[in-house]
Structure formats: structure tokens, C-alpha cells
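Tertiary structure, described
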Amino acid sequence: MALTSTVKEHPYSHLTDTLNDGRIKFFNPHKLNDPRYDKLPLSIRVLLEAAIRNCDGFYTKKEDVQNILDWQQQQDKAEVPFSPARVLLQDFTGIPAMVDLAAMRDAVAKHGGDPGLVNPKCPTDLIVDHSLQIDYSKCAIQNAPNPGGGDSPSQSHGPSRSVPRPPSRGGSQCGGQRGSCSKAACSDSPASPGRPSASVQQIENTPLLCPFHLQPVSETETAVKNQEMELIRNKERLQFFKWCSKAFKNVNVVPPDVGTVHQVNLEYLSRVVQLSDGFIYPDSVVGTDSHTTMINGLGILGWGVGGIESEAVMLGQPVSLSLPQVVGCKLVGSINPLTTSIDIVLGITKHLRQAGIAGKFVEFFGPGVSQLSAPDRTTIANMCPEYNATVSFFPVDQVTLEHFKKTNFAQEKLELLESYMKAVKLFRSYEDTSEDPEYSEVIEFDLSSMVPHVSGPKRPQDRVAVSSMKEDFQSCLDEKVGFKGFHIPKEKQETCVPFLHCGQEYQLAHGSVVIAAVISCTNNCNPSVMLTAGLLAKKAVEAGLVVKPYIRTSLAPGSGMVTHYLNTSGVLPYLSQLGFEVIGYGCATCVGNTAPLPEAVVDAIKQGNLVACGVLSGNRHFEGRLCDCVRANYLASPPLVVAYAIAGTVGIDFEKEPLGFTSEGKEVYLRDIWPSREEVQQTEEDTVISSIFKDLRGRMEKGNTFWNNIECPDSVVFPWDHKSTYIRSPSFFSKLSKEVPPPQSIENAHALLFLGDKVTTDHISPAGSIARVSAAAKYLQSKRLTPREFNSYGARRGNDAVMTRGTFASIKLQNRFIGKPGPKTLHIPSNQTLDVFEAADRYQRDGVPLIILAGKDYGSGNSRDWVAKGPYLLGVRAVIAESFEKLHKNQLVGMGIMPLQFLSGQNADSLELSGKERFSIILPESLSPRQQLTVKTGQGKSFDVTALFDTEMDILFFQHGGLLRYVARTLL
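Residues numbered from 1 in each chain as written. Predicted model: local features only at pLDDT ≥ 70, side-chain atom pairs only at ≥ 80, totals over all residues. Heavy atoms only, no water.

1. Remarks on the overall build of the chain
- Across its full length, the chain holds 31 helices and 36 strands.
- Considering the chain as a whole, with its 972 residues, one finds that 56% of them fall into the buried category.
- A fraction of 73% describes how many contacts in the chain between residues 6 or more apart in sequence connect residues 24 or more apart.
- Only carbon and sulfur atoms are counted for the fraction: they give 49% of the accessible area of the chain, which is about 39,300 Å². (Helix = DSSP H or I, 4+ residues; strand = E, 2+ residues; numbered from the N terminus. Buried < 20%, exposed > 50% of the residue type's maximum accessible area, 1.4 Å probe, protein only. Contact = heavy atoms within 4.5 Å. Areas by Shrake-Rupley, 256 points an atom, 1.4 Å probe, with all protein chains shown as cover.)

2. As for the packing of helix H5 (residues 91-110) against helix H8 (residues 235-247)
- Contact pair H5 / H8: the axes reach a minimum separation of 11 Å and the direction vectors enclose 60 degrees. Overall, the two elements H5 and H8 adopt an arrangement that is oblique. Seen along the crossing, H5 lies across H8 with a hand that is left-handed. From H5, Asp91, Phe92, Ile95, Met98, Val99, Ala102 and Arg105 reach across to H8, where they touch Arg237, Phe240, Phe241, Trp243, Cys244 and Ala247. (Axes fitted to C-alpha atoms, helices over the stretch in contact; angles between N-to-C directions. Parallel < 35°, antiparallel > 145°, perpendicular 65-115°, else oblique. Left-handed = near helix turned anticlockwise from the far one by under 90°.)

3. Regarding the sheet that holds strand E15 (residues 361-365)
- Pairing is parallel across the open sheet formed by four strands, whose spatial order is E16-E15-E14-E17. Here the strands that pair on one side only, and so sit at the sheet edges, are strand E16 (391-393) and strand E17 (441-446). Each strand of the sheet is rotated relative to its neighbour by a mean of 25 degrees, with strand direction disregarded.
- Where strand E14 (residues 326-332) lies against E15, five bridges are found, and the strand directions are parallel. When the sheet's bridge partners are listed, Cys329 is paired in E15 with Phe364.
- In the packing of helix H2 (residues 42-53) onto the sheet, the strands contacted are E14, E15 and E16, and the crossing angle to E15 comes to about 120 degrees. (Pairing = 2+ DSSP bridges.)

4. Regarding the pattern of salt bridges
- One pass over the structure, following the stated rule, counts 31 salt bridges.
- Salt-bridge contacts for Glu418 lead to Lys422; the nearest nitrogen and oxygen are separated by 2.8 Å. With Glu418 and Lys422 both in helix H14 (residues 411-423) and four residues apart, the pair spans about one turn of that helix.
- Residues Asp841 and Arg845 are paired through a salt bridge, measuring 3.2 Å at the closest nitrogen-oxygen approach. Highlighted residues: Asp841 and Arg845, both in helix H27 (residues 836-845), separated by four residues, approximately one helical turn.
- Among the residues examined, Asp841 registers a relative accessible area of 30% and is labelled partly exposed.
- Here the salt bridges do not stand alone but share partners, grouping Lys778, Lys824, Asp835 and Glu838 into one network. (Salt bridge = Lys/Arg side-chain N within 4 Å of Asp/Glu carboxyl O.)

5. Some points on the sheet that holds strand E34 (residues 919-921)
- Strand order in the closed barrel formed by seven strands is E28-E31-E32-E33-E36-E35-E34, with mixed pairing between adjacent strands. Each strand axis lies, on average, 40 degrees off the axis of its neighbour in the sheet, ignoring direction.
- With five bridges connecting them, strand E35 (residues 932-937) and strand E36 (residues 942-947) associate as antiparallel partners. Each bridged residue has a counterpart across the sheet, and for Thr934 the counterpart in E36 is Asp944.
- Packed on one face of the sheet, H27 meets strand E28 (746-754) and strand E31 (850-853) and runs near 170 degrees to E28.

6. Structural notes on the environment of Val345
- Examined against the element boundaries, Val345 turns out to sit in helix H11 (residues 341-355).
- Each C-alpha atom of the pair Val345 and Ala381 lies 9.2 Å from the other, and the pair is 36 residues apart in sequence.
- If we ignore the near neighbours within four places in the chain, the residues touching Val345 are Asp376, Thr379, Ile380 and Met383.

7. Describing the nonpolar core
- With 191 residues, the main nonpolar core has Phe240, Trp303, Leu752, Phe808, Tyr858 and Met898 as its most contacted residues.
- Here Trp303 is in contact with Phe82, Val285, Val286, Gly287, Thr292, Thr293, Val319, Leu321, Phe361, Thr390 and Val391, once residues within four sequence places are set aside.
- Ranked by size, the runner-up nonpolar core spans 78 residues in total, among them Cys476, Val518, Leu536 and Val601. (Core = buried A, V, L, I, M, F, W, Y, C linked by side-chain atoms within 4.5 Å.)

8. Considering the pairing of strand E2 (residues 24-27)
- The pairing of strand E1 (residues 16-19) with E2 spans four bridges and is classified as antiparallel. Residue pairing across strands places Thr18 opposite Lys25, the latter belonging to E2.
- Turn length for the E1-E2 hairpin, with the two strands adjacent in sequence and antiparallel, is four residues, and the turn residue Asn20 shows positive phi of about 55 degrees.

9. Thoughts on unusual backbone geometry
- Residue Pro457 is bonded to the preceding Gly456 through a cis peptide linkage, with omega at 10 degrees.
- Inspection of the secondary structure puts Pro457 in the loop between strand E18 (453-455) and strand E19 (463-465).
- The phi angle at Asn33 is positive, at roughly 55 degrees, despite the residue not being glycine.
- Assignment of secondary structure puts Asn33 in the loop between E2 and helix H1 (35-39).
- Residue Asp76 is not a glycine yet carries a positive backbone phi of 70 degrees.

10. Observations concerning helix H10 (residues 307-314)
- Most of H10 is tucked away: eight of the eight residues are buried.
- Listing the buried residues of H10 in full gives Gly307, Ile308, Glu309, Ser310, Glu311, Ala312, Val313 and Met314.
- Just beyond H10, the residue with positive phi is Gly316, at close to 105 degrees.

11. As for empty space enclosed by the protein
- A full pass over the atoms with the stated rule returns six cavities of 30 Å³ or more.
- The calculated volume of the largest cavity comes to roughly 110 Å³.
- What lines the largest cavity is a set of 16 residues, and nearest its centre among them are Thr339, Ser341, Thr532, Arg677 and Val680.
- Put simply, the parts of the chain that give the lining of the largest cavity at least two residues each are helix H16 (528-542) and helix H22 (677-702).
- Looking at the lining of the largest cavity element by element, the count peaks at four residues for H22.
- In terms of residue class, the lining of the largest cavity is built from five nonpolar, eight polar and three charged. (1 Å grid on protein atoms, 1.4 Å probe; cavity = no way out; pocket = protein on both sides within 12 Å on 5 of 7 lines; lining within 4 Å. Points joined across faces, edges and corners; volume = space filled by probe spheres on them. Nonpolar A, V, L, I, M, F, W, Y, C, P; charged D, E, K, R; others polar.)

12. Let's talk about the packing of aromatic side chains
- Here the structure, examined in full by the defined rule, presents 25 aromatic pairs.
- Aromatic side chains Phe26 and Tyr420 sit 5.3 Å apart centroid to centroid with 85 degrees between the ring planes, which places their arrangement in the edge-to-face category. Here Phe26 is found in strand E2, whereas its partner Tyr420 is found in helix H14, with 394 residues between them in sequence. As far as burial versus exposure is concerned, Phe26 and Tyr420 are alike and both buried.
- Summarising the aromatic geometry, the rings of Trp303 and Phe361 are spaced 5.8 Å apart at their centres and angled 55 degrees between planes, so their arrangement reads as tilted. Within this pair, whereas Trp303 is found in strand E12 (residues 301-304), its partner Phe361 is found in strand E15, the two being separated by 58 residues in sequence. Pair check on accessibility: Trp303 and Phe361 agree, each one buried.
- Here the aromatic cluster, defined as three or more aromatic residues joined through ring pairs, consists of Phe240, Phe241, Trp243, Phe248, Phe718 and Trp720.
- The ring of Tyr12 is capped by Lys62, whose NZ or CZ atom sits 5.6 Å from the centre of that ring.
- Here the basic side chain of Lys242 rests over the ring of Trp707, its NZ or CZ set 5.3 Å away from the ring centre. (Phe/Tyr/Trp six-rings, centres within 6.5 Å; stacked < 30°, edge-to-face > 60°. Lys NZ or Arg CZ within 6 Å of the ring centre and 35° of its normal.)

13. Quick look at the environment of Val582
- Within the element layout of this structure, Val582 appears in the loop between helix H18 (572-577) and helix H19 (599-608).
- C-alpha of Val582 to C-alpha of Thr553: the two residues are 29 residues apart in sequence and 9.9 Å apart in space.

14. Remarks on the pairing of E15
- The element E15 is largely enclosed, with a buried count of five among its five residues.
- Neither face of E15 is open: one carries Phe361, Glu363 and Phe365, the other Val362 and Phe364, and all of them are buried.
- For the handedness criterion, the β-α-β arrangement of E14, H11 and E15 is classed as right-handed.
- Pairing geometry for E15 and E16, over three bridges, is parallel. Looking at the pairing, Glu363 lines up with Phe393 of E16.
- You can see the chain leave E15, run along helix H12 (residues 374-382) and come back into E16, and the turn it takes is right-handed. (Right-handed = clockwise from strand over helix to strand, strands pointing away.)

15. Looking at the confidence of the model for the chain
- Within the chain, residue pLDDT values average 84, and 85% of them lie at 70 or more.
- This stretch, residues 1-7, has a pLDDT under 50; its non-local contacts, to residues over four places away or in other chains, come to 19 contacts.
- Confidence drops under pLDDT 50 across residues 621-625; counting only partners more than four residues distant or on other chains, this segment forms 23 contacts. (pLDDT = per-residue confidence, 0-100.)

As C-alpha cells, then:
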């Protein structure tokens, strides 16, 4: 966030320091000369620096700085502000925030102010990634390629739809012993009459690779049609986003088809440090998604918040949080050579989930951290919501710097980053224990305890350590038929059946591998496992090892990018040589789409009643799923699939038994060809990371055809289309005056709802599809839309008319006025049962203010942007409850709604309230935090409540009628 005052006026100007010969300034907390600073967790040091830099005496006070510095004593006690460096939005949550700013420009212009002054104060990135829906789909290649190498029969998806193929890249044909690609497989039929060809509609910078030629081909019809539907369905929203990108300062809109919000954040937006007005400071972010924590893996503090919180930060208000406990997760030990990144990530996740760290910060330290690559760290941080921590922070170290060398960082910027992080002691050497901070508690995790596992032979939850695989399979043969057992008599467990394949004799036994499938669909989040498989294949081929030709091997990448980096790193030919050729991009082995096994193999299995095995790196492997004659199936990491294919059996102890022999007869063990983590990480950084960043930069610079061709207004204020059912100017600024009105008492209010305990944001805020009999549906039908065109509440978050009608529209809402679940309430004057919106609308037309009565934990659950906006537009002035979810209480204050709490030991029942009384709440001329107010009822009763305004800032926002009105008035 930009500085709010000059350095001379700043209360901590004496902490300023310089870099680069005085050209760059920064606030250096180390100059406090306070020994407590060196003991703070590095994540808390980021909070402290932000508090010092943004200390303005209003949002952030010197008292807040001292509380953070005194973290050891104040954790879980003090409430502190945090002003992140930027805000991250995806389009579903971003559109209501931007609509509010556009409406604020209207309000400022209406009062004679300059609407161009309305801009986010905090830099905001909005990624359009939630608009695409799958209206059309088909597998790129339906089955394994035709082994004969001839033209494939044309595929049809019904009598009225032909499926065109990508245009030919030449007349050549590639082939091989395990698959081929003919001209037909890479050629296209003419475009359908009346619509542009696929090449015309192709989105730029999204090359697909022919899985056999490994050459770019044009966009498939599936992608083009989905993108066309995205444009048609979301045209109004995209036009609005395009206008926002031009009209607002401090707003960066990333167009559709560039990447997901987290991919773009990690690969393009992350900066580690920010430069603004000549000052350098740590990068930090709040985002409207729980997995924003991925960025913690790069040493950037950030977490997920709700739409209202992100909007408040955009407008200059800090995030308020209780000074958190910080759990130090100490990583020790050396990683087992056969352990993959996925093993480590899932192991740490399980360990932290069992530790009970909900709502706490987790910070990693210890010598083991240095063994984790940057992708490993971001994957662990991505799992943060799975173990309920707020953040999973990996402080910047040399590994982080090496990662950024491969991305978009120039050497000069890297040197500046390193100098600054070391100057403020935010840079770590994990091997140096003298740098270890003091934590609330320490959880130790021994990386050497993580051993590779497979799952099977019948269920994915039955995990088996690879070191115990031989003994476990033997026990499966012995056990009775069940979840693991096959009950093979002892005298038949040594059965071997010879057979001929391609003129050569082989033998099958119990445990023989006949299917080996490398599938990356479940391993795309971290490329290291696929590269490990490729490097292992390379070493195996170089050692002279082979896979027996009767084993049905295949490689099904989850995307063309996987094929691209396997090819770029030079390992794809070695996988092919072992039989793991790319068979296409789609679900195959997992869903039983394996090509038939050779007849001789099937006959041998049946003759010996053998328990033959399949090994795959997918996610499903139930008995008989891969092939009806293959009874034992194991899920394994991609490199282990290759290893078991070479071994030809699951009945092997990799530590004691060789995989095979060289041409000279020398034994080759798995440890001899398994690539080191350093080798895998180096290949990953050199080929995958640099390739991804280069591709993403190209997408960002060029945009795409759809986005570039969208026309948008060139105006300071947005020209609202009154016919639009997606974008509408909300009424938050109606009757806005330049002056702050005096406190408005609530007189003779009715209760709109009488609720019980545990009313969640799911009950309050619209989510999901729009029911055909709802108030929102009636509104859309009045606009001549059919139910098929309703779309969802999420897609219509930019229309307050839809969202207000959806507020309290949950079918699970328990309203005591009604006595059964449903989105209904009692209109008390008429004694009619109505939709909640219809009742509220009738009250508003009659000029009757509204309140809500509730029990304990009102507003718990995930934050949503309309959870307070909706009630505000329904006319709710106050909510009286036994207790509030803290986050939701802040949201109510931010919208100008009073959160009032019954006194301890009291509730609606103890006060004998029916909910049908008239309620009056008299406000004094001046309010103070946590002040008690009196509520009077029409029957002569009265009771006291506590107004949950925790700070003077809360009171200020309430007096203005909410944060939005406060910001608008400051601009006037």
C-alpha cells in the first residue's frame, strides 16, 4: 500500500534506510534496536514492517506496532491491522467489487466531484478464469493408437455432428512399434458452413502438440466452441472488465485463457518485493480464494479472504486479525531417494492435519527445508486449507533466489531483492540454527520417515510401503478373498505358465505385471514426478534394461504441456523406447480403456489362474477395472510404474533384488538408475519452469483474439445498460449526502427473520444455481429469460437485483416464524407467509425499518461478498444475536448494519420475545466502542444489548452508513 504521508511526517521516519546508493529507501525494523525483533517468526516480521510503513495514526497506530513487536506476549490477545501490498481477485468475486467502484464514480460525479479520483488505493489484479464452462467435450484420441499405422476410421458424435480434426502439418507419417500417427489423425476437414474455421478462431499462444509428431497443431473444435460459448455467455461481464482495465488506475485485468488465478499469481504476479514511490517493501497479498496460500511457498505472505474484505483492502482499509500463534514446522532428516515430491507433500499435510493447527500461522524451518524445491514448497502451501492453517510460510532462501533466476527476474532485481531481504532479516539460511526464531510451538517432521508407497491391490486406501511390497503381495495370495486377499492355495502359488509372444517364449507367474500405465492427470500440480519417471527411463535404457514386449505400456499426459516438457528435457524418447509412448490426452487406463492384452497373455493367465498385476499412476484401480483378467492393480508414482514394468513383477524387493542385467551380465538395481532429487530439481528448473514462464509472458503480452476484439466504452463513468441482467448499478449510494448524517435511531422496526443458532453464510448469501420458484427466478423471468438462461448466483454477482432477491433464499434456512426449512418468512402486519425478499420489499415500501433476531454463531462459515450487502439492501438496520462470527460482524459494520449482542446469559427465549414485537433502538449522539444500548419493544419491555463496535474506526464507518459511503464522502 502506498505511503499515506511524507517521510518527514511519518512517526517512524527514523527507521528509513537506503539501498543502491540512496536511490531506494525502505523502513528497516532492525533499526528499532529491539532484541525482540530477532526472535520474531519471519511471517510476523512481515506484519511488523507493514504496520511501521503504514502507521498513519488512524488505520494503523503506534500501539499496533508495539503489539506486533511484543508478539510473544500479545499473540491471541491483540487485534492488529495488516495492509497487504496487493489484492488478488478472480472474476466471480471481482465483479461485485468493480461494480461498486463504478457506482461510486457515478455518486461522486452526481455531487460535482471528479469521478476519476475513484480508484483502488491498493494495487489490484483481477484474473478472468472462472468464466469457462465445458459445453463441449471429447477425448483428443479415443483409444490407444492403431498399431497397424493405417488411417483411423472417422469418429462421430452423433448423426448431426462431425468432429473435425486439426489441420495437417505436412504429408509425413510417424510410426513405431507401439503406435503411430497417420495423416488422418492430424488432418482436418473443412470448417462447417456458416462459421469461421478453427484456425481463424484459434486463441493465440495456446499451442497444442500432436502427441506423435510433437509439432504444434491448431486449436481443436472442442476448445474453440467452448471459448465461443464463453464469449457469448459472458459478453457483458467481459466488456465491463475490459472497461475496468482502461478506466481505473491500480487495476490490472488478466484476460480469459491466460491461466488460472493461482497459476498467474505464482508465475507472473509474484514479486517477493514491491517498489512504490521510491520505497521497497515485502510483497504480500490477500486473495478471494482459500488457495491463495500457494504464494507462501515463495516467501510471500498471503491468504484467502472474502469479497467484502478484499473490497475493503482495495479501498485502503487494512485487514484486521488477531495476532496469530505461529507454529514452527521443523523439517529434519534426509529424503529417501525413492520418495517423490507427492509423497512428501501428502506426508506433511497429514502430519499437520493431525497436529490441530486451525487458524494459526505455520512457518517452516530446519535443515530439511533446503531439500525442497520451490514447486515442492508451493504445493505444500497450497494444501494449507486441508490442515486449516491460515498460512504456510516458507521464508526466502537461496533456493527461492535460484527459482526466480529461471523466471521473470533480471539479475539486477535479484540482487536488489537479496540485499533488501537480508537488510531487514527476512532472508533465511535454514542450516544456520542461530537464525531460528522463537515459535508458539514447534512440530518436528522427519523427512527420512517418508517412504514411498503404492496402493492396492484392490482399493486406493490400502497403502503398502514399497519396501514391504513383496511380502504384502505374498500375504494377499494367502488371505481369504476380500478387500486384499485372493486365497490361492499354497501348492499353486509357485505356478509358472510359459507362452509365446512374437515368436519368443516368456513366463507368467503370480504377481507378473501385464499392464503399466503412466498417467499424469493426478500429478500435474508438480512436474517433478513425471520428470523423475523420464530420467529413470533414460538411465534404464543407457544401462541396457528393457520392458518385456507383452506388457501393455502407455503414457497419457494430463496436458500437452506435460508432453512439451518431457520432450524439451530430452527424456521422452527414452520413455518411448521402454514402450511408454504418448497415446493421447484423455482418460484411458483409469476408466478401463486399455487396449486388449495379447491373446497368449490372456490364455496364460486363465490357464494358471494367475493373479496378474497392473500398475498405474492414476487414481482408480478397483479389481477388474483395468482388465477383467487382471485381478491385482496398484496405484504408484510414475517412476515406480516404470520400475515395476522393467522388473516385470510386483514380487520384488528393490533393495535386495536387481531390476535386470546389463549386456555384460552386471546386476542393475533400482538405486543405480533412480535420479537424485538434485538432478530432478535442476531439470525441472531448467526446462519446466523456464518454459512455463516464457509461455505465460507471451500470453500476457499478446492477450488473445477474443479479448483483444472485445469493444468497450471509452469513458470515465460506466454507461450502464438498463436492460442488462448481469451488470447493474447497485443502490448503495442512493440518497448519499456530502455531510455525515447524525446517528439515526431505529424506531418501531419489525423482525424480518427470527433465526436460531449456527446461521451460516450459506444460509445468508446466494450461492449455486437459481431455483425456478425463487424470487430471483421471478425477476429474471420478468426480463424474458428462460430457466435455461438463469445461469448461477455466482455469475450474476454484478446484479444487485438478483443478489438481493437471493439473500436468505436457502432451502435450509430455519426461520422460527415459519417452523420448517425454506426461504420464507412472516410478514407480520398482514400475517402472510412470503418469500423473504417479497416481505422485505413490502416493509420498505411501507417505510418500516427491519432487524434480524438470531442465536449463537451468527454468520459462521466461508466469507462471501453478498453476506452483508444483501441484508443491507433488504433494509436490515441491525442484527441482534447471542454471538457473531467475528469476520461476519466486521462485514456488517462495513455495510452500516449494527451488530448487537444480547448480554451474557440472555437470548430471545430468556427475554420471552416472540419476534412479532416492534423494536426501537435509541442511539446517543456519540457512540463509543462496546457501548451498551437499550432495545424497547412495543409491549413495554426493554433489554440491553452490546453494540459490537470494537474500534473508533468501526464507529466511523457505521456513522457514514458503511465503508463505501465513507470512501465516497472523503472524495467529495
